[in-house]
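Chains, contacts and geometry: an overview
Single-letter residue listing:
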Amino acid sequence: MTSVLHDPTLERNFKGHKGAVTGVDFSSNMKQIATSSTDCSVMIWNMTPQRRAYRFDGHEDSITSIQFSPSGHLVASCSKDKTVRLWVPNMKAQSTVFKAHTATVRSVNFSWDGQALVTASDDKTVKVWAVHRQKFLYSFNQHINWVRCARFSPDSRLIVSSSDDKSIKLWDRNSKECVHSFYEHAGYANHVDFHPSGTCIAAASTDNSVKVWDIRTLKMLQHYQVHSGVVNSLSFHPSGNFLLSASNDSTTKILDLVEGKLLFTLHGHQGPVKCVAFSRTGEYFASGGADEQVLMWKSNFDEPSGTANKQQSNNQASDETRTAAKMGRRHSGTMHPHAYRSSSTSSSHMTSSPTHAKVHGPAQPSLQETHAIEETISPNLTSTLEHIIGQLDILTQTVSILEQRLSLTEDKLKECLQNQVASQAQTFPDEGSWTPAAPH
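So, here is what we can say about the structure in this document. Here the residue index of a chain counts from 1 through its sequence in written order. Where totals are concerned, whole chains, interfaces and linings use all residues; where local detail is concerned, this predicted model gives features only for residues with pLDDT of at least 70, and gives and counts side-chain atom pairs only at 80 or more. The side-chain figures draw on all heavy atoms in the structure; neither hydrogens nor water molecules are used.

1. Some words on the overall build of the chain
When you go through the chain residue by residue, the secondary structure sums to four helices and 30 strands. Across the 440 residues in the chain, those meeting the buried criterion constitute 50%. Contacts are assigned to residue pairs that have any heavy atoms within 4.5 Å of one another. Within the chain, contacts between residues at least 6 apart in sequence are counted, and of these 51% link residues at least 24 apart. Surface accessibility in these figures is a Shrake-Rupley result with a 1.4 Å probe; residues are shielded only by whichever protein chains are displayed. Accessible area for the chain stands at about 21,500 Å²; split by element, carbon and sulfur atoms hold 52% of it. In this description a helix means any DSSP run of H or I spanning at least four residues, a strand means any run of E spanning at least two, and both kinds are numbered starting from the N terminus. Here's how the labels work: a residue is buried when its accessible area is under 20% of the maximum for its type, exposed when over 50%, partly exposed in between, all with a 1.4 Å probe on protein chains only.

2. Some thoughts on the sheet that holds strand 17 (residues 177-183)
One requirement defines pairing of two strands: DSSP has to find at least two bridges between them. In spatial order, the strands read 14-15-16-17; together these four strands make up an open sheet with antiparallel pairing. Only two strands of the sheet have a single partner each, and these edge strands are strand 14 (147-152) and strand 17. The average angle at which neighbouring strand axes cross in this sheet is 20°, direction not considered. Here strand 14 pairs with strand 15 (residues 158-163) via five bridges, running antiparallel. Helix axes are fitted only over the stretch in contact, all axes being lines through C-alpha atoms; the angle between N-to-C directions runs from 0 to 180 degrees.

3. Some points on unusual backbone geometry
Even without a glycine there, the phi angle at Met30 is positive, about 65°. Take Met30: it is sitting in the loop between strand 2 (21-26) and strand 3 (32-37).

4. What to know about the pairing of strand 28 (residues 293-298)
When you tally the buried positions in strand 28, you get six out of six residues, the bulk of the element. Side-chain alternation along strand 28 places Gln293, Leu295 and Trp297 on one buried face and Val294, Met296 and Lys298 on a second face that is also buried. With six bridges joining them, strand 1 (residues 9-15) and strand 28 adopt antiparallel strand pairing. Of the residues in strand 28, the one forming a bridge with Leu10 is Trp297. Bridge count for strand 27 (residues 284-289) against strand 28 is five bridges, and the pairing is antiparallel. Residue pairing for strand 28: Tyr284 is matched across the bridge by Lys298. Taken together, strand 27 and the strand that follows it, strand 28, pair antiparallel across an intervening segment of three residues, in which Glu292 is found at a positive phi of about 75°.

5. Some thoughts on the pattern of salt bridges
Basic side-chain nitrogens of Lys or Arg form a salt bridge, by our definition, when they fall within 4 Å of a carboxyl oxygen of Asp or Glu. Scanning the model with the defined rule gives eight salt bridges in all. Across the pair Asp39 and Arg55 runs a salt bridge whose closest N-O atoms are separated by 3.7 Å. Residue Asp39 is found in the loop between strand 3 and strand 4 (41-46), and its partner Arg55 is found in strand 5 (residues 54-57); the two are separated by 16 residues along the sequence. Overall, Arg55 belongs to the partly exposed group, its relative accessible area being 27%. The shortest N-O distance in the salt bridge between Asp214 and Arg216 comes to 2.9 Å.

6. Brief notes about the packing of aromatic side chains
When two rings of Phe, Tyr or Trp (its six-membered ring) have centres within 6.5 Å they constitute a pair, described as stacked for plane angles under 30 degrees, edge-to-face for angles over 60, and tilted for the intermediate range. Counted according to the given criterion, the structure contains 12 aromatic pairs. Relative to Trp87, the ring of Phe56 lies with its centre 5.2 Å away and its plane at 20°, an arrangement referred to as stacked. In this pair, Phe56 is assigned in strand 5 and Trp87 in strand 8 (residues 83-87), connecting sequence segments 31 residues apart. Comparing Phe56 with Trp87 shows no difference in burial state: the two are buried. Note on Phe285 and Trp297: the rings are 6.0 Å apart at their centroids and 10° apart in plane angle, and the pair reads as stacked. Residue Phe285 is found in strand 27, and its partner Trp297 is found in strand 28; the two are separated by 12 residues along the sequence. Residue Trp297 is classed as buried on the basis of its relative accessible area, which comes to 2%. Of the aromatic side chains, those joined through ring pairs into one cluster are Phe242, Phe278, Phe285, Trp297 and Phe301. Its end group placed over the ring of Tyr138, Lys176 keeps NZ or CZ at 4.3 Å from the ring centre. Working rule: Lys NZ or Arg CZ, within 6 Å of ring centre, within 35 degrees of ring normal, means a charge sits over the ring.

7. Digging into the pairing of strand 27
Within strand 27, six of the six residues are buried, leaving the element largely enclosed by the surrounding structure. Residue alternation in strand 27 divides its side chains into two sets, Tyr284, Ala286 and Gly288 and Phe285, Ser287 and Gly289, and both sets are buried. Sheet analysis places strand 26 (residues 273-278) next to strand 27, joined by five bridges and oriented antiparallel. What sits directly across from Ala277, in strand 27, is Ala286. Between strand 26 and strand 27, which pair antiparallel and follow one another directly, the connecting turn spans five residues, one of which, Gly282, has a positive phi of 85°.

8. What to know about the side chain of Ser36
Here Ser36 shows up in strand 3. Beyond its immediate chain neighbours, meaning those up to four positions away, Ser36 contacts His17, Ala20, Val21, Thr22, Gly23, Ser41, Ile63, Thr64, Ser65 and Ile66.

9. Here's the deal with the nonpolar core
Phe14, Val24, Phe26, Ile33, Trp45, Met47 and Met296 are the most contacted members of the largest nonpolar core, which has 16 residues in total. Elements supplying a minimum of two residues to this core: strand 2, strand 4, strand 26, strand 27 and strand 28. Per element, the largest residue contribution to this core is three residues, and it comes from strand 2. Grouping buried Ala, Val, Leu, Ile, Met, Phe, Trp, Tyr and Cys residues that are joined through side-chain atoms within 4.5 Å yields what is termed a nonpolar core.

This is how it looks when you write it as structure tokens:
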């Protein structure tokens, strides 16, 4: 059955940052969007219009990247202040600071199970961290220039990184070795990520291109020359059929990876588009720009209902494999795009407003109606699962605090022992310094 593709529709426009938006991500339950900015703040936007956004201040310099944990109960951010922070996305704005990098940290990414973080830095290293132990684990050190981005593979066994040294490296977490290097000749990759199947990687490059490689054959599959400016960010649709890209040419583009062509060009930002991300289901995507705005779009790619929707979920893995197989042709940048234009709308400080795009086609349900439909599926089960996940997060945080206290106790014990030894040394001097008693 042929899928019918509708034009994406602009649903919401979030404004509140005082600088360029550098990172954007959706929570797994679609209740929040997290954004980072050069204004040194993290903002958590609640999808319910009546609820206010949260602003988190803590970083001392521009924030470069942000991501929700798979459970949605933590948010990781990194900054030019050389630190990584873990936040709890609620009103309390609690955070933990990770320090090990010696220069700007450019990107942060969670493993599939949320147990590890990988970061990339201007100190030329890629570092891996244990999330709940809040501990730096190890580094990859073979890049010879700034590292722009690092991402886990879907199974977290591999890591891909891109650098100003014009290389894209694949790392094996078990052997901690670089297993292959891809080289960019005309520029370097600002952003890299894995295809949902784990068999391919895509890179957003400073030579205005988007490239896709097969990591099994180590060959380039596709090369899209569709932007007229530096490409800053990209995001795979969960199905693996589409790729979203953001560029300094003020556009966001959607590529059809199966057909190897450009589908949509989206206009909404007034200036460079810095970041893009699909939601976990692919139903929505968001973009952030130098114009301080965050735009949220409804994908409208293919909307099966009822049984068809369940079948799509069950067949997702096989779909990803077929997509990767169909991508095994190299495509040039000579595309016939389906252009689509919308204009951004203004909204008040730290607020969001619905935006009406001029798109011909069947009316789409609003975001609130979509959530209402989703919430009627099994509210009791959803509530129970969220409660269990919340309790597990509290337990892991408690264990982490206990580990910290144990470490402090050990340090204090060592200090006491050292003081005791020093005290005994003063009380009982060396035998050579004793004065013999006079004979009677």
